[in-house]
Amino acid sequence: MQSLTNTSTRYGWAMIVLHWLIGVVFIGQFVLGVVMVRTTSQRTSFELIQLHKSFGFLLLGLIILRIAWRLGNAVPALPASVGTLERRSAPLAHFALYAFQIALPLSGWALVSVSTLEIPTMPFDLFVMPNLPLAESDASESFWASAHWYLAYAGIGLVALHIAAALRHHFLLRDSVLTRMITPSSDRE
């Protein structure tokens, strides 16, 4: 039977589902962000921005849940084929991914909080999300817009490196690094 929790060699269902869900939402958010700022229709742009904010809050919640789950579960050991440099850099790379996945939605939240337009944020039209306690100003809005933009491109760059590393492990090194994030652990492990 497949396990919800991690073992010493594989990730469990909870971590696998969170990993892929966060990955899809993160990449989707990047694409949505690019599309929404290039849309000429104000109405469509407004709706896409609201959707982008909704998924941003979802992403923030999911990444917090994933970090909490990771802190409370074993992290599978890397295969013996993984070299010393990669063993040392892998935790740093994961930390960077987590940091960007938290910083990016927080910077977006800061951006809408300081906006002088005062448009309420309603995640998935369910409730009004309060703004962060930040002063509204055009200068602050410009700062947070730039920060959000740079974080988005740096974050998607990290995701691309993460994907490239996983594919390298799977196709070149032929080890279990990628498959253990696809096939869950079992109760027998």
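Details of the structure are given in the entry above.
The present account deals with the structure reproduced in this document.

**With respect to unusual backbone geometry**
Part 1: Its identity is not glycine, yet glutamate 118 carries a phi of approximately 55°, on the positive side.
Part 2: Tracing the chain through its elements places glutamate 118 in the loop between helix 3 (84-114) and helix 4 (138-173).
Part 3: Taking relative accessible area as the criterion, glutamate 118 reaches 54% and is therefore assigned exposed.
Part 4: Of note in the backbone geometry, phenylalanine 124 takes a positive phi value of approximately 50° without being a glycine.
Part 5: Looking at where phenylalanine 124 falls in the secondary structure, it is placed in the loop between helix 3 and helix 4.
Part 6: We classify phenylalanine 124 as partly exposed; its relative accessible area is 38%.

**What to know about a nonpolar patch on the surface**
Part 1: A surface patch of nonpolar side chains, about 710 Å² in accessible area, is lined by Ile27, Val31, Val35, Ile163, Leu167, Phe171, Leu172 and Leu173.
Part 2: If you list the elements that add at least two residues to the nonpolar patch, you get helix 1 (13-38) and helix 4.
Part 3: Counting residues per element, the nonpolar patch draws most heavily on helix 4, which supplies five residues.
Part 4: Looking at the element boundaries, phenylalanine 171 is found in helix 4.

**Some words on the environment of serine 8**
Part 1: Summarising the element assignment, serine 8 is placed in the segment before helix 1.
Part 2: Distance from serine 8 to alanine 77, taken between C-alpha atoms, is 5.9 Å for residues 69 residues apart in sequence.
Part 3: With residues up to four places along the chain from it excluded, the contact list for serine 8 reads Pro76 and Ala77.

Definitions and cut-offs
- In every chain, residue numbers begin from 1 and rise along the written sequence.
- Two thresholds apply to this predicted model, a pLDDT of at least 70 for residue-level local features and 80 or more for giving and counting side-chain atom pairs, whereas whole-chain, interface and lining totals are computed over all residues.
- Excluding hydrogens and water, the side-chain figures rest on all heavy atoms present in the structure.
- Strands here are runs of E lasting at least two residues and helices are runs of H or I lasting at least four, both read from the DSSP assignment and numbered beginning at the N terminus.
- A simple rule labels every residue: compare its accessible area, found with a 1.4 Å probe on the protein chains alone, to the largest value its type can have, and call it buried under 20%, exposed over 50%, or partly exposed in between.
- Without a salt bridge and with relative accessible area above 30%, a residue can belong to a patch; like charges are then joined within 9 Å and nonpolar side chains (Val, Leu, Ile, Met, Phe, Trp, Tyr) within 5 Å.
- Using a 1.4 Å probe, the Shrake-Rupley method yields the accessible areas, and only the shown protein chains count as cover for residues.
- Any Lys or Arg side-chain nitrogen located within 4 Å of an Asp or Glu carboxyl oxygen qualifies as a salt bridge.
- By the convention used here, residues are in contact when the closest approach between their heavy atoms is within 4.5 Å.

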